[in-house]
Structures are given as C-alpha cells and as structure tokens.
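Residues per chain are reported as follows:
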Amino acid sequence: MNGLFDKMNNFLKIYLTTQGRLNRLRYFKYGLILGISTFIVSVILQVVATLITGSEDGFVVQAIAVSISVIWFLGYITLVIRRLHDLDKKDIWAIGALIPYVNFAFGIYLLLMPGTPGRNQFGADPLLE
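Residues numbered from 1 in each chain as written. Predicted model: local features only at pLDDT ≥ 70, side-chain atom pairs only at ≥ 80, totals over all residues. Heavy atoms only, no water.

Colleague: Tell me about the layout of surface pockets, and please be specific about residues and values.
Modeller: Of the pockets and cavities examined, the largest pocket occupies roughly 250 Å³. Lining the largest pocket are 13 residues, and of these Phe11, Leu34, Ser37, Thr38 and Ile71 sit closest to its centre. Mapped by element, the contributors of at least two residues to the lining of the largest pocket are α1 (2-15), α2 (24-53) and α3 (59-86). Looking at side-chain class alone, the lining of the largest pocket contains 10 nonpolar, 3 polar and no charged residues. Of the volumes computed, that of the second largest pocket is approximately 190 Å³. (1 Å grid on protein atoms, 1.4 Å probe; cavity = no way out; pocket = protein on both sides within 12 Å on 5 of 7 lines; lining within 4 Å. Points joined across faces, edges and corners; volume = space filled by probe spheres on them. Helix = DSSP H or I, 4+ residues; strand = E, 2+ residues; numbered from the N terminus. Nonpolar A, V, L, I, M, F, W, Y, C, P; charged D, E, K, R; others polar.)

Colleague: Which residues make up the confidence of the model for the protein, and what are the values?
Modeller: Averaged over every residue, the pLDDT of the protein is 87; the share at 70 or more is 95%. At the level of individual helices and strands, the protein shows its lowest average pLDDT in α1, which scores 72, and its highest in helix α4 (residues 102-112), which scores 94. (pLDDT = per-residue confidence, 0-100.)

Colleague: Tell me about the pattern of salt bridges, residues and numbers included.
Modeller: Opposite charge on two side chains allows them to pair when their charged atoms are near. Scanning the model with the defined rule gives 2 salt bridges in all. The salt bridge involving arginine 21 is made with aspartate 86; its shortest N-O contact spans 2.8 Å. Separated by 65 residues along the polypeptide, arginine 21 in the loop between α1 and α2 and aspartate 86 in helix α3 bring together distant segments of the chain. Accessibility classification places arginine 21 together with aspartate 86 in one group, the buried group. The shortest N-O distance in the salt bridge between aspartate 86 and arginine 83 comes to 2.6 Å. One end of the pair, aspartate 86, and the other, arginine 83, are both in helix α3, 3 residues apart, so they sit about a helical turn from each other. If you follow the salt bridges from partner to partner, you end up with Arg21, Arg83 and Asp86 in one network. (Salt bridge = Lys/Arg side-chain N within 4 Å of Asp/Glu carboxyl O. Buried < 20%, exposed > 50% of the residue type's maximum accessible area, 1.4 Å probe, protein only.)

Colleague: I'd like a rundown of the nonpolar core, residues and numbers included.
Modeller: Soluble globular proteins tend to pack their nonpolar side chains together in the buried interior. Counting 17 residues, the largest nonpolar core has Tyr27, Tyr76, Leu79, Val80 and Leu110 as its most contacted members. Going through the elements one at a time, α1, α2, α3 and α4 are the ones with two or more residues in this core. A total of 6 residues in this core trace back to one element, the largest contributor, which is α3. (Core = buried A, V, L, I, M, F, W, Y, C linked by side-chain atoms within 4.5 Å.)

Colleague: So, unusual backbone geometry: which residues are in play, and what are the values?
Modeller: One non-glycine residue with positive phi stands out, namely aspartate 88, at about 65°. Positionally, aspartate 88 belongs in the loop between α3 and α4. By relative accessible area, aspartate 88 is classed as partly exposed at 33%. Look at tyrosine 101: it is not a glycine, yet its phi comes out positive at around 75°.

The following block contains the structure:
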C-alpha cells in the first residue's frame, strides 16, 4: 500500500503542481506520457460507456470525454507553467497555450528554448538536481 501512495504522490508532484522548474526533456517526456495515457484512458472509458448505454454519442460518453479533457488540460497547463519557470517567465505567459494558432508556435518555443542556466526566481536549475 505504501508503494501506491508513493506513486500517487509522484503523480501529483509531476502533474498537479506549478512550483519549480521543468527542463525541456522532462517537459517533453511528461507531456508525452500525459497525452498517451489520457488517450488510452479516454478510449477505454468511452468504449465501456458506449457498451453500457448502447449509444456512441450519449450524454455519459460526452461527459466522460469532457471530464478527461479537463483533467488533461489541467495537467498540461501545470507542465507549461513549470517550463515557463525554467525560462524565467511568469505564469501569465501560459495564456499562449490557449490561443489557437499561437499555441503551436508557443509549444515549439517551449520545446526548443534552453532554460535559464543556474538558479532563477523560480528555483534551482533542474539540470543540476
């Protein structure tokens, strides 16, 4: 039981905190894991809901899709904020992830720009930890 608690604590530290910094590799890795796991869970839950309700576009299926999207979005925004912290930028810049078309260029920026070397206002360099 203690191992499960540790895994949940790790999950919460990665996906539900805006504290600290996140380097490019971890940002990519955590984002990929978040995206793939969200897709798999979404497909499984929607298939189960469709089998139970007998309708592919019923309320239950749509509610599951919206719920999964909200959870994914919250996890994604926390990753973006921590990546911005690594670039020594304030949280408000995460708005770039919400603007259509701008979000694509913003995502490329987050993936390619190296973080601030050494300590900045958001904490220690994640490459040195």
